[in-house]
Amino acid sequence: MKIRHLLLPALLAFSAVSAMADDCAVTIDGNDSMQFDKKAIVVGKSCKKFTVTLTHSGKLAKNIMGHNWVLTKTEDSQAVATDGVGAGVDKNYLKAGDTRVIAATKVVGAGESTSVDVPLDKITKQGSYTFFCSFPGHIALMKGTFSLE
Ligand SMILES: [Cu+2]
């Protein structure tokens, strides 16, 4: 327990540093408290390509506390999440062929990770974009902003 408390701040400090060193990729974590560890993702000006890696630091399986990372225009986010509920975990809680989805990872559970490349040609500086988890109910807490620097 004591070791865990010492390690966690060190790990967080390390990940903040590495995110700055390479701003064309980001790692975001989901946990058993239905939270992402980031509320905003900003893509650096020089990026031609941007990769999002999702990790799950919790202990719960993906059918109970699964997380994915989905990017849409902000105005589409709630509807995409609502429409994805019926798709089920095997379809990653996204409606098949949903063209409102700009990028999405699969759903992961405890200890798993996955990544996706964001097609930056679909992102404008003026646009408003939201990332979220489409697991049923999770968008209430698991969402944040995605923007260009
Ligand atoms: Cu989730």
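(A) Structural detail: the pattern of salt bridges. On inspection of all chains with the given rule, the structure shows five salt bridges. The partner of K95 in a salt bridge is D83, and the shortest N-O contact between them spans 3.9 Å. Of this pair, K95 sits in the loop between α3 (74-84) and β5 (103-104) while D83 sits in helix α3, and the two are 12 residues apart along the sequence. The salt bridge involving R100 is made with D83; its shortest N-O contact spans 2.7 Å. Placement of the pair is R100 in the loop between α3 and β5 and D83 in helix α3, with a sequence separation of 17 residues.

(B) Layout of the nonpolar core. Within the largest apolar cluster, 29 residues are counted, with the highest numbers of intra-cluster contacts made by F50, W69, L71, V118 and F146. Looking at this core, the elements that each hand over two or more residues are β1 (25-30), β2 (40-43), β3 (50-56), β6 (113-118) and β7 (129-132). For this core, the element with the highest residue contribution is β3, accounting for three residues. Ranked by size, the runner-up nonpolar core spans seven residues in total, among them V70, V80, V101 and I139.

(C) Region of interest: the sheet that holds β6. Strand order in the open sheet made by the three strands is β1-β3-β6, with mixed pairing throughout. Each edge of the open sheet carries a strand with a single partner, namely β1 and β6. Averaged over all neighbouring strand pairs, the angle between strand axes comes to 20 degrees, with direction disregarded. Where β3 and β6 come together, six bridges link them in antiparallel fashion. Considered in β6, the bridge of T55 is made with S113.

(D) Representation of the state of the cysteines. For the coordinates displayed, the defined rule picks out one disulfide. Between the sulfur of C24 and that of C47 lies a disulfide, 2.1 Å long from S to S. Taking the sign of the S-S torsion, -100 degrees for the link of C24 and C47, the bridge is left-handed. You can see C24 sitting in the loop between α1 (2-21) and β1 and its partner C47 sitting in the loop between β2 and β3, a full 23 residues away along the chain.

(E) Focus on the environment of T51. Among the secondary structure elements, T51 is positioned in strand β3. Spatially, the C-alpha atom of T51 lies 6.6 Å from that of C24, the residues being 27 residues apart in sequence. Of note is the side chain of T51, whose polar atom sits 2.7 Å from the side chain of D117.

(F) Spatial organisation of the sheet that holds β5. If you walk across this open sheet you meet the five strands as β2-β8-β7-β4-β5, and the pairing is mixed. Pairing within the sheet leaves two strands with one partner each, and these edge strands are β2 and β5. Looking at chain direction, strand β4 (residues 70-73) and β7 are connected through four bridges and run antiparallel. Counted as the bridge partner of L71 is F131 from β7.

(G) Structural detail: α3. Regarding α3, the residues found buried are D76, S77, V80, A81 and G84. In a view along the axis of α3, the buried residues occupy a sector of 135 degrees, so they form one face of it. On its buried face, α3 is in contact with β4 and β7.

About the cut-offs
Residues numbered from 1 in each chain as written. Predicted model: local features only at pLDDT ≥ 70, side-chain atom pairs only at ≥ 80, totals over all residues. Heavy atoms only, no water. Salt bridge = Lys/Arg side-chain N within 4 Å of Asp/Glu carboxyl O. Helix = DSSP H or I, 4+ residues; strand = E, 2+ residues; numbered from the N terminus. Core = buried A, V, L, I, M, F, W, Y, C linked by side-chain atoms within 4.5 Å. Buried < 20%, exposed > 50% of the residue type's maximum accessible area, 1.4 Å probe, protein only. Pairing = 2+ DSSP bridges. Axes fitted to C-alpha atoms, helices over the stretch in contact; angles between N-to-C directions. Disulfide = S-S within 2.5 Å. Polar contact = N/O pair within 3.5 Å; in protein donor to acceptor, adjacent residues only side chain to side chain. Arc of directions from axis to C-beta. Contact = heavy atoms within 4.5 Å.

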